[in-house]
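Residue strings, one per chain:
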Amino acid sequence: MNTEVIQDQLNKKILDSLAEFIKKHGLGCSSDVWRQRASEIPTAALMLGVNVPDHAMTFRSLCNLLQDSVTPFVVSVHAKECAAVKLLIQKVLEQLMGSGVSVDEEKEDDTALLQKTPCTISALCQWYKTVTKKCTQVSPERKENLTNNDLPQSLPVVVIFKYFEAFNSQVLQDFILICSRYTQELPFVFIFGIATSPSAIQHRLPHSVSSLLCIEVFHSLSCTQHLASVFDKLILNSQFPLKLSSRVIQVLVGIFLYHDFSVQNFVKGLQFSMLEHFNSQPLSVLCCQKQEALLSAKTLSKQNVERIRHLPSFMRYVETQEPQEQVRLLTNDEHVKEVCQKLLKNLHKYHKNYYPVLQCLHSLTSSLPKFPLGKHIRELHVSCIEKNLWETEEYDSALQLLRILAKDELVAALRKCAEILKSANTKRMQNALQQLEDFIGRLETLEEDSSGNGVVSAKMEYQRTDLFQLQKTLLEKESRRTKRMNSFEVLRSQVIDFIDSLVREYLTPAEFQPLNEVCYYSSSGVLRQRLNVTPRTSIQAALSHPFYYLKNASLKTDAGTISSAAPDLCIVYKLHLECGRLINLYDWLEAYVTVMSAAEDQDTDSEECGQYDSLKHARFIQAVSEMEFLGFVKSTKQKTDHVARLTWGGC
């Protein structure tokens, strides 16, 4: 499924709420009770969170929704384009007058109007009246038959401020003050895209300005909720061809939680993992859809058959077979292809059974106190593919808590599991669904045990004054209660044992499955190196070893030497490594010229060597400027002809 579609589905509720807000308060309803004064502007404070890279998609979806269902007059402005009020007004006019008309001839007239008239709100009012005149005209005959609600309303002008915190406070104040004077002629509606908190409006706008806004706050889903949805619909899906190991998932989630909170960047990490897996694993062609994989297994080349024999999972599979079968697997290529088809089919069935049982277990344990198996399903998934889940203390704690659930809680949890198993189309899951529905029916028809087993009479307790005798009686009652459970406790224990059997059968680690390497990507080190890079280390590596980047044989040198054919920046960088905290520019220049003279085949002992012309001087100055731009050196006031070194140690 497309990630943009997933994000649109997650944002649908808040986007629809914004559309209703604009319809309610923007369609010429100046007499609405919600508006206290005519000069107030309806304003929606859209709380998007700090996952800034994902906001562009949200704003794009919002603009499309408003233009399709509410009004064609939608403007989206960015802080970097509006450094002054005049620029902000100009941006608003350009977007409205350039795209607010549907007829081509009128577009030409609007363009001419924009060129002739000044960029003022009064000019926008005149244009707005001209454009909306046709939309609001109603014949006298028809007007008599229409009610007030049926009469055409003026279309609102929506201004979306992307990244509200980035705007200049004075620019916002002036623009709001100007627009508040034209609310009778232009039905403005503002949308503030806020990443921090609603208090950002009070911090950036004084009370005299914020009082001109009627603000309503809209909260979008958190970035972790977005991630959970993308994780469920992409990774925890048997149709998704790529599977990730526990360490790869931890790297991707770690980058998400500790760097940018961006779901888009998380998806880019998935895409990189897929490309890296298909590029580094020749057998990855077998991890596609079931029928295509089986067809590919039939046409495996001899080289790929040998690769299969060297897979660790396949070697473990061979070790579990009979000696005669082992010989056939190691010598007969055609037999390997047949076995490979069977193993791929079993691997596909494993995934189709794994995910429903995983979701059932998460549904049962996510409501337990302290979340013994993790709050999010990805935490449970990582535990399952990493080790035998039933051997952990957390799993034992979860089962103990499940064994003390009340009847209503247990039935509600089992119903959720039944809904999950209904979507699975394997025979084993359908059999499990039938057994689960049988347990639910037995629990619902079960009558409460009224025998009073295990209950101490309050009258008897109060009659006894001997604490020793009371303790003895309580222990005897508790012992009889543990020995003889009521019918509900027996049935509840059977249900938990059934869930435990599903976990032990279907939630085995993926590494135990033969041929798991063809679809599981496990190179977490490569992924961390590519996605969680350190820019300074990468720059230093490029400047120290340009040969590995430029692939020029003349740049390959021994350790500690400087190639005269290297770029000027690389030469200057290597020379500065030999200096201390302060670098004399003249000495640095002489060393650079000496290296460049070697490139011109000059005798190092001659008088001409070390002399530089204006060209070499200019090249050196440019290289030093680039070093300063990269953050390796900076000018210092201690000595005018020196620069201070900012980094220490090589790559």
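Definitions and limits used
- Residues numbered from 1 in each chain as written.
- Predicted model: local features only at pLDDT ≥ 70, side-chain atom pairs only at ≥ 80, totals over all residues.
- Heavy atoms only, no water.
- UniProt positions renumbered as here; feature names shortened; annotations may be inferred.
- Pairing = 2+ DSSP bridges.
- Helix = DSSP H or I, 4+ residues; strand = E, 2+ residues; numbered from the N terminus.
- Axes fitted to C-alpha atoms, helices over the stretch in contact; angles between N-to-C directions.
- Core = buried A, V, L, I, M, F, W, Y, C linked by side-chain atoms within 4.5 Å.
- Buried < 20%, exposed > 50% of the residue type's maximum accessible area, 1.4 Å probe, protein only.
- Contact = heavy atoms within 4.5 Å.
- Expected span 1.5 Å × (residues − 1).
- Arc of directions from axis to C-beta.

Looking at an unreviewed UniProt entry, the chain carries the name Origin recognition complex subunit 3, with the source organism given as Sinocyclocheilus rhinocerous. The annotation that UniProt attaches to the chain under Sequence similarities (unreviewed entry) is "Belongs to the ORC3 family." The record in UniProt for the chain states the following under Subunit (unreviewed entry): "Component of ORC, a complex composed of at least 6 subunits: ORC1, ORC2, ORC3, ORC4, ORC5 and ORC6. ORC is regulated in a cell-cycle dependent manner. It is sequentially assembled at the exit from anaphase of mitosis and disassembled as cells enter S phase."

Draft legend 1. Just the sheet that holds strand 10 (residues 642-645), in detail. If you trace the 3 strands from one edge of the open sheet to the other, you get 8-10-9, paired in antiparallel fashion. Of all the strands in the sheet, the pair left with one neighbour each is strand 8 (582-584) and strand 9 (633-635). Direction aside, the axes of adjacent strands within the sheet are offset by 40 degrees on average. Two strands pair when backbone bridges link them, and strand 8 and strand 10 are joined in this way by 3 bridges, in the antiparallel orientation. Bridge assignment links N584 to a residue of strand 10, and that residue is H642.

Draft legend 2. Inspection of the nonpolar core at higher detail. One finds L244, F266, I308 and F314 to be the most contacted residues of the largest nonpolar core, which totals 98 residues. For this core, the leading source of residues is helix 17 (residues 333-365), giving 14 residues. Excluding its chain neighbours within four sequence positions, the residues that come into contact with F266 are L227, F231, I235, L252, V253 and F256. Of all hydrophobic cores here, the second largest spans 42 residues; its members include F164, L186, F190 and I194.

Draft legend 3. Up close: helix 20 (residues 407-422). The terminal C-alpha atoms of helix 20, which comprises 16 residues, lie 22 Å apart, in line with the 22 Å expected from a rise of 1.5 Å per residue. Those residues of helix 20 not exposed but buried are K407, L410, V411, A413, L414, C417, A418, I420 and L421.

Draft legend 4. Layout of helix 15 (residues 312-319). Taken together, the buried positions of helix 15 are occupied by S313, F314, Y317 and V318. Burial along helix 15 is one-sided: seen end-on, the buried residues are contained in an arc of 140 degrees. Elements that come into contact with the buried residues of helix 15 comprise helix 14 (302-309), helix 16 (323-331) and helix 17.

Draft legend 5. Representation of the side chain of H277 in the model. Secondary-structure assignment places H277 in helix 12 (residues 263-280). Overall, H277 belongs to the buried group, its relative accessible area being 3%. Ignoring any residue separated from it by four or fewer positions in sequence, one finds H277 in contact with L242, S284, E517, V518, C519, Y520 and Y521.

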